[in-house]
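What follows is each chain in one-letter form.
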Amino acid sequence: MAASNVLVALARSHFSLVMAELQGHLKAVGEISKEFALITLSKLFSSYAVQCIPFMWLTLAGLRSLASQVRSGRTLRVACAVVRQWSEGVKFHLYSGKQCPWPATEKERIYENLYHLLCSVVRNWQGCEEEQDKQAVLGAVAAMMDALLQEELHREHIWEQLLCLVHQYQEVQDTSGVTKSLSIFLEALAGVWSVIPKDTFLAITNLSVRNREISSEEYFAPLSAVSCLCWRAVYNVGPRILGE
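No experiment lies behind these values; they were computed from the predicted model shown.

**Comments concerning the overall build of the protein chain**
Right, so step 1: Check the secondary structure of the protein chain and you find 12 helices and 2 strands.
Right, so step 2: Of the regular secondary structure in the protein chain, the N- to C-terminal order runs α-α-α-α-α-α-α-α-α-α-β-α-α-β.
Right, so step 3: By residue count, 50% of the 244 residues in the protein chain fall in the buried class.
Right, so step 4: Across the protein chain, the fraction of contacts at a sequence separation of at least 24, relative to all contacts at a separation of at least 6, is 75%.
Right, so step 5: Carbon and sulfur atoms make up 55% of the accessible area of the protein chain, which totals about 11900 Å².

**Side note on the pattern of salt bridges**
Right, so step 1: Overall, the coordinates contain 5 salt bridges when judged by the stated rule.
Right, so step 2: Close ionic contact of D133 with R77 constitutes a salt bridge, the shortest N to O distance being 2.7 Å. Highlighted residues: D133 in helix α8 (residues 131–148) and R77 in helix α6 (residues 74–95), separated in sequence by 56 residues.
Right, so step 3: The class of D133 is buried, set by a relative accessible area of 1%.
Right, so step 4: Here R84 and E88 are joined by a salt bridge, their closest N and O atoms 3.6 Å apart. In this pair, R84 and E88 both sit in helix α6, 4 residues apart, roughly one turn of the helix.
Right, so step 5: The class for R84 is partly exposed, based on a relative accessible area of 43%.
Right, so step 6: When its relative accessible area of 43% is taken as the criterion, E88 is described as partly exposed.

**Comments concerning the nonpolar core**
Right, so step 1: Within the largest apolar cluster, 69 residues are counted, with the highest numbers of intra-cluster contacts made by L22, L44, L118, W125 and V141.
Right, so step 2: Broken down by element, the residue count for this core peaks at 10 residues, all from α8.
Right, so step 3: Apart from the residues lying within four places of it in its own chain, the contact partners of V141 are L118, V121, V122, I184 and A188.

**Things to note about the side chain of S4**
Right, so step 1: Along the chain, S4 turns up in helix α1 (residues 2–10).
Right, so step 2: Note on S4: relative accessible area 0%, which makes it buried.
Right, so step 3: In this structure the side chain of S4 is engaged in a polar contact, spanning 3.4 Å, whose partner is the side chain of K43.
Right, so step 4: Residues in contact with S4, not counting those within four places in the same chain, are F36, I39, T40 and K43.

What counts as what
Residues numbered from 1 in each chain as written. Predicted model: local features only at pLDDT ≥ 70, side-chain atom pairs only at ≥ 80, totals over all residues. Heavy atoms only, no water. Helix = DSSP H or I, 4+ residues; strand = E, 2+ residues; numbered from the N terminus. Buried < 20%, exposed > 50% of the residue type's maximum accessible area, 1.4 Å probe, protein only. Contact = heavy atoms within 4.5 Å. Areas by Shrake-Rupley, 256 points an atom, 1.4 Å probe, with all protein chains shown as cover. Salt bridge = Lys/Arg side-chain N within 4 Å of Asp/Glu carboxyl O. Core = buried A, V, L, I, M, F, W, Y, C linked by side-chain atoms within 4.5 Å. Polar contact = N/O pair within 3.5 Å; in protein donor to acceptor, adjacent residues only side chain to side chain.

So, in structure tokens, the structure goes:
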């Protein structure tokens, strides 16, 4: 897009004004406007990553709003690519502390918005049907989890969320909704290197064993899928159990 390239060039001398313009486009009604903003945000981060950090929490909040409006298609996939790119930026620039030594309060605001974005993405995009959309969402969720698991407070939030989903799965009669969320978390976890708390590890393995014991035709397919994801997650994090 020519207009997108013009804004990226303009950002060299008027970065704050360009970012303000893009925030407005993120909140606009039309998908074309949103896609334009997303593409430009991606280009800006590629060229001016450090300058983007002060606007990180605001952009993450804008993406959270977008997640509740876009359900599928190209705009969703572009949004997922931006979420993934900016999440990786959070991990690199904030967690390292070398490239971008921001105050603790600013970092906490960014992590808090990233966590809320993760919850919004899982809640709103768990029902994707197209394979391209599913893979895009998984990539975005994995990148957000990877960034959040670097920070102690939100690492606990991630494990609490996963443990809550496991318990819900075991308690509710209609597991269709929680199955989708749990599957997203487990599949994303399989691609993340982290230390898992012992109680969460045991809950995942117990759920997997329980699923294999259920033979009902009505529940066999979804339970089998979750069971496979449980074992994938266990295999990935098994050697790194907190408290062992």
